[in-house]
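Summary of structural features
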Amino acid sequence: MAIDIITAACLRFLVTAALALSIAQPPAHLGAYEGRPVAESGAGYFDIAANARTEIGEGGYVYRLENGSLSVYDTTDFEIWRSDSGWIVHDFRLGDVVGDGAQDFLFTLWKPQKPFVDTNGAHGDITTGFSSETPDDGSALRNHLYLYTIISGRVKPVWCSSALPRPIYSFELDPGGRATPVSSGMLLHTDEGLYRDDFSLTESRNFSYIWEGWGFVQIN
Ligand SMILES: [Ca+2]
């Protein structure tokens with residue numbers, strides 16, 4: 001009996017510890033992000049897993065961002081989609097970007113690049129032009145912008161950017177643009193910086209883009 005009690009206590013401890021770890025630990029595949037100066041996060045450093053927010057969108061779908069993971073739930077609280085475990089989702093916005101009348105969700109995420117291997121088996125540089133402090137071997141996390149939507153209760157990707165040349169610190173959707181035959185008129189306003197291995201904040205520059213058929217085109 002004593003052993004059973006101890007075992008149960010141990011199990012409870014392990015479960016509690018595991019739960020605490022699962023809450024406290026950011027997602028896997030963090031690469032250089034694991035080495036960031038956590039103690040100073042938020043004070044001059046860009047914490048890519050910092051946002052936690054829940055929003056109710058069109059159709060009663062619930063979007064929940066926590067610990068770098070974005071989930072979508074239907075009106076019965078059933079999770080219909082969750083972001084890839086290898087991504088760190090930084091933030092999301094709701095809006096009809098494409099202009100078909102149905103709400104989409106746009107989100108920024110971080111993930112490591114896979115090294116590009118050319119036809120000779122040599123590793124090519126797919127990140128030429130990146131403003132990083134060190135040569136990129138593909139292990140560094142890069143920022144991406146993905147657009148998804150919900151069709152008949154199923155989450156579908158609409159458009160996914162390649163690695164962005166500059167990381168987006170924050171962004172907003174603005175439906176105030178002018179719709180044309182090739183554009184929904186949806187504007188994207190961003191605050192962007194430079195890639196830094198320690199995720200320190202760099203210059204902050206504002207850009208605006210407009211959705212044009214396939215992707216966002218810079219307008220300023
Ligand atoms: Ca749409």
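Residues numbered from 1 in each chain as written. Predicted model: local features only at pLDDT ≥ 70, side-chain atom pairs only at ≥ 80, totals over all residues.

1. Describing the overall build of the chain
Helix and strand counts for the chain stand at one helix and 14 strands. Burial statistics for the chain: of 220 residues in total, 22% are counted as buried. Here the contacts in the chain between residues at least 6 apart in sequence split such that 48% fall between residues at least 24 apart. (Helix = DSSP H or I, 4+ residues; strand = E, 2+ residues; numbered from the N terminus. Buried ≥ 20, exposed ≤ 12 C-beta atoms within 10 Å, placed from the backbone. Contact = placed C-beta atoms within 7 Å.)

2. Focus: the confidence of the model for the chain
Counting all residues, the mean pLDDT for the chain is 80, and 69% of those residues have values of 70 or more. Here strand S8 (residues 123–124) is the element of the chain with the lowest mean pLDDT, 43, and strand S4 (residues 79–82) is the one with the highest, 98. Here residues 13–26 scores under 50 on pLDDT; set against residues more than four positions off or in separate chains, the count is four contacts. Of the regions scoring below 50 in pLDDT, residues 121–135 engages in 21 contacts with residues more than four places distant in sequence or in other chains. (pLDDT = per-residue confidence, 0-100.)

3. With respect to the nonpolar core
Counting residues in each nonpolar core, the largest one holds 27 residues, and the members touching the most others are Ile48, Ile88, Val89, Phe92, Leu106, Phe107 and Leu109. In terms of residues, this core owes the most to one element, strand S6 (residues 104–112), which gives five residues. (Core = buried A, V, L, I, M, F, W, Y, C linked by C-beta atoms within 7 Å.)

4. Regarding the sheet that holds strand S5 (residues 88–95)
Sheets are built from strands that pair by backbone hydrogen bonding, the pairs being arranged parallel or antiparallel. Read from one edge of the open sheet, four strands run S5-S6-S9-S10, paired in antiparallel fashion. Pairing within the sheet leaves two strands with one partner each, and these edge strands are S5 and strand S10 (154–160). Here the strands of the sheet are splayed against their neighbours by 30° on average, with no regard to which way each runs. Two elements, S6 and strand S9 (residues 141–151), share nine bridges in a ladder whose sense is antiparallel. The residue bridging aspartate 104 from the neighbouring strand is threonine 149, located in S9. (Pairing = 2+ DSSP bridges. Axes fitted to C-alpha atoms, helices over the stretch in contact; angles between N-to-C directions.)

5. Section: the environment of glutamine 113
Relative to the helices and strands, glutamine 113 is located in the loop between S6 and strand S7 (116–117). Residue glutamine 113 is classed as partly exposed on the basis of its 19 C-beta neighbours within 10 Å. Residues glutamine 113 and alanine 140, spaced 27 residues apart in sequence, show a C-alpha to C-alpha distance of 6.8 Å.

6. Concerning the pairing of S4
Sheet topology places strand S3 (residues 69–73) next to S4; three bridges connect them, and they run antiparallel. Bridged to tyrosine 73 within S4 is glutamate 79. Counting the residues in the hairpin turn of S3 and S4 gives five residues, including aspartate 77, whose phi is positive at 70°.

7. Here's the deal with the sheet that holds strand S12 (residues 187–192)
An order of S11-S12-S13-S14 is seen for the four strands of this open sheet, with the pairing classed as antiparallel. With partners counted over all chains shown, the strands left at the sheet margins are strand S11 (168–174) and strand S14 (216–218), one partner each. Pairwise comparison of adjacent strand axes, ignoring direction, gives a mean angle of 30° for this sheet. By the bridge criterion, six bridges tie S11 to S12 in an arrangement that is antiparallel.

8. Side note on the environment of leucine 164
Tracing the chain through its elements places leucine 164 in the loop between S10 and S11. When the C-alpha positions of leucine 164 and tyrosine 195 are compared, they lie 10.0 Å apart, and in sequence the two are 31 residues distant. Ignoring sequence-local partners within four residues, the contact set of leucine 164 consists of Asn143, His144 and Leu145.

9. Some points on unusual backbone geometry
In the Ramachandran plot, asparagine 67 falls in the positive-phi region, its phi being about 50° despite a non-glycine side chain. For asparagine 67, the position within the fold is in the loop between strand S2 (62–66) and S3. Non-glycine residue serine 152 carries a positive phi angle of around 50°. Counting through the fold element by element, serine 152 comes out in the loop between S9 and S10.

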